[in-house]
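Working through the structure, step by step
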Amino acid sequence: MKYSGWPEPGELVVGKIDEIEDFGVFVDLDEYEGKRGLCHISEVASGWIKNVRDHVNEGQTVVAKVLDVDESAQQIDLSIKDVNDHQRKEKIQEWKNEQKADNWMELAFGEDLDDETYAAIANELLAEFGSMYDGFESAAIHGNDALEDVDLSEEEIDAIVQTARNNVSVPYVQVTGYVDLSCPESDGVDVIKEALQAAEGNGEVPDEIELEVTYVGSPEYRIQVQAPDYKTAEDALEESADRAAKVVEQHGGSGQFHRERSEDDE
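Residues numbered from 1 in each chain as written. Predicted model: local features only at pLDDT ≥ 70, side-chain atom pairs only at ≥ 80, totals over all residues. Heavy atoms only, no water.

The line we're drawing: UniProt positions are given in the numbering used here, feature names are shortened, and annotations may be inferred rather than shown by experiment.
Named according to an unreviewed UniProt entry, the chain is Translation initiation factor 2 subunit alpha originating from Haloarcula amylolytica JCM 13557. Its UniProt record gives the chain the following Sequence similarities (unreviewed entry) comment, quoted word for word: "Belongs to the eIF-2-alpha family." Taken directly from UniProt, the Subunit (unreviewed entry) text for the chain runs: "Heterotrimer composed of an alpha, a beta and a gamma chain."

Printed below as a string of structure tokens:
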């Protein structure tokens, strides 16, 4: 995705050096449609510069700081020397992430997605998450819930979530389910407590999994699982509910697992 507007002074931009002159270098901005900036020789590197080509090469990708923007003159002044190593690495990673997100948009909506629709979807993700990449990452972790405040159709949300879950590598994923537990016996309260301890794994849940069971409203309990991938998380969720159900069933009670809440949160 390329922005149609202008960068702001102080912003870090990624570009490719497409022309080198004695007085400086011209940089084609990768993130802005049809925009080109000039980095004066004094802003290429610190200290006295005898030959600009000793510091940069044509075709080289650089991170530069925007010093000034003159829209009427179609001029963008840049500085390469004002960007430190940490900023450079961080900006390049951000740029690479957005390139990934651009590819995911194509996977989600097809190669023939028109520019207007693309921009509308991208702008919704940018407004909610700050970047398309963060939007896809959030969708991979939290599913459709992550996009509930985004003004997109159900079909568009489903496409983003499905693509995210198939392509985004995230540090963890989180899934949620519910289990209804009831026991008519006189010691039913103790049976439910035992069932909840079983749901939480009785201290035997693998280190890679975080599992929490909380009370929602009789007879409903919420099970939340955090794990490195969806298969592991989904398996742990169902196993947790099964453990709880078996305990109450052994005492004449009943247990039922479901993915959505029986009633809306109050």
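Continuing now.
**Description of the domain arrangement of the chain**
As a measure of interface size, the accessible area lost when the parts come together is often cited. Filter applied, for reference: Those domain boundaries reflect an automatic or database domain assignment. Accessible area that two parts lose when put together, evaluated with a 1.4 Å probe and summed over both, is termed the buried area. Salt bridge, as used here: a side-chain nitrogen of Lys or Arg that lies within 4 Å of a carboxyl oxygen of Asp or Glu. Nitrogen and oxygen atoms within 3.5 Å of one another constitute a polar contact, given that in protein one can donate a hydrogen and the other can accept it, and given that sequence-neighbouring residues count only through two side-chain atoms. Every helix listed is a DSSP run of H or I at least four residues long, and every strand listed is a run of E at least two residues long, numbered separately from the N terminus. Throughout, the ten residues Ala, Val, Leu, Ile, Met, Phe, Trp, Tyr, Cys and Pro are labelled nonpolar, Asp, Glu, Lys and Arg are labelled charged, and all others, Gly among them, are labelled polar.
Under the domain assignment, the chain is made up of domain 1 (11-82), domain 2 (87-166) and domain 3 (173-258). Placing the centre of domain 1 and that of domain 2 at their C-alpha centroids yields a distance of 30 Å. Counting each side, the surface lost to burial between domain 1 and domain 2 is near 640 Å², with a carbon and sulfur contribution of 67%. Counting the contacts that link domain 1 with domain 2 gives 1 salt bridge. For the salt bridge of Glu 31 with Lys 91, the shortest nitrogen-to-oxygen distance reads 3.0 Å. There are 2 residue pairs in polar contact (both at pLDDT 80 or more) connecting domain 1 and domain 2. Secondary-structure elements contributing two or more residues to the side of domain 1 that touches domain 2 are strand 1 (12-21) and strand 4 (61-70). The biggest single contributor to the side of domain 1 that touches domain 2 is strand 1, with 3 residues. Along the lines of polarity and charge, the residues of the side of domain 1 that touches domain 2 split into 5 nonpolar, 1 polar and 3 charged.

**Side note on the sheet that holds strand 2 (residues 24-29)**
Keep this limit in mind: Here, any two strands with at least 2 DSSP bridges between them count as paired. Axis geometry follows a simple rule: fit a line to the C-alpha atoms, using only the stretch in contact for helices, then measure angles between N-to-C directions, giving values from 0 to 180 degrees. Contacts are residue-level and defined by heavy atoms, with any inter-residue pair within 4.5 Å sufficient.
Reading around the circumference, 1-2-3-5-4 is the order of the 5 strands in this closed barrel, with mixed pairing throughout. Mean inter-strand twist for the sheet, computed between neighbouring axes without regard to direction, equals 50 degrees. In the sheet, strand 3 (residues 36-40) pairs with strand 5 (residues 75-79) via 2 bridges, with the strands oriented parallel. Residue pairing for strand 5: Cys 39 is matched across the bridge by Leu 78. Helix 1 (residues 85-109) contacts strand 1 and strand 4 of the sheet and is inclined by roughly 100 degrees relative to strand 1.

**Things to note about the sheet that holds strand 9 (residues 254-258)**
Across the sheet, 4 strands lie side by side as 7-8-6-9; this open sheet has antiparallel pairing. Here the strands that pair on one side only, and so sit at the sheet edges, are strand 7 (210-217) and strand 9. Taken over all neighbouring pairs, the strand axes of this sheet differ in orientation by 25 degrees on average, direction set aside. The sheet contacts of helix 6 (residues 230-250) involve strand 6 (173-182), strand 7, strand 8 (220-227) and strand 9, and relative to strand 6 the element is tilted by about 10 degrees.

**Quick word on helix 4 (residues 154-167)**
Counting along an α-helix, one turn takes 3.6 residues, and residues three or four places apart therefore face a common direction. Condition: What a helix is expected to span follows from its residue count: subtract one and scale by 1.5 Å. Burial here depends on accessible area, computed with a 1.4 Å probe over protein chains only, as a share of the maximum for the residue type. Under 20% is buried, over 50% is exposed, and the range in between is partly exposed.
Here helix 4 spans 20 Å end to end across 14 residues, near enough to the 20 Å set by a 1.5 Å rise per residue. Looking only at helix 4, the buried set comprises Ile 157, Ala 159, Ile 160, Val 161, Thr 163 and Ala 164. Buried residues along helix 4 sit in contact with helix 1, helix 2 (115-129) and helix 3 (132-142).

**Considering the UniProt feature "domain: S1 motif" (unreviewed entry) in the chain**
On the UniProt side, "domain: S1 motif" (unreviewed entry) is annotated at positions that read residues 10-81 here. The span residues 10-81 is 0% helical and 50% strand by assignment, and the distance between its end C-alpha atoms comes to 13 Å.

**Considerations on the side chain of Lys 35**
Inclusion rule: The convention is simple: Lys and Arg are positive, Asp and Glu are negative, and His and the chain ends are not counted.
Along the polypeptide, Lys 35 turns up in the loop between strand 2 and strand 3. Here Lys 35 is buried and forms no salt bridge, its nearest opposite-charge partner Glu 71 lying at an N-O distance of 8.1 Å.

**Some words on the packing of helix 1 against helix 4**
The condition that has to hold: These descriptions rest on fixed angle ranges, namely under 35 degrees for roughly parallel, over 145 for roughly antiparallel, 65 to 115 for roughly perpendicular, and the rest for oblique. Helix crossings get a hand from a simple test, with the near helix turned counterclockwise from the far one by less than a right angle marking a left-handed crossing and a clockwise turn marking a right-handed one.
Taken N-terminus to C-terminus, the directions of helix 1 and helix 4 make an angle of 120 degrees; their axes are 9 Å apart at the nearest point. One finds that helix 1 runs oblique with respect to helix 4. For helix 1 against helix 4, the interelement crossing comes out right-handed. Between helix 1 and helix 4, the residues in contact are Trp 104, Leu 107, Ala 108 and Phe 109 and Glu 156, Ala 159, Ile 160, Thr 163 and Asn 167, respectively. Residue classes in the contact of helix 1 with helix 4 are distributed as 6 nonpolar, 2 polar and 1 charged.

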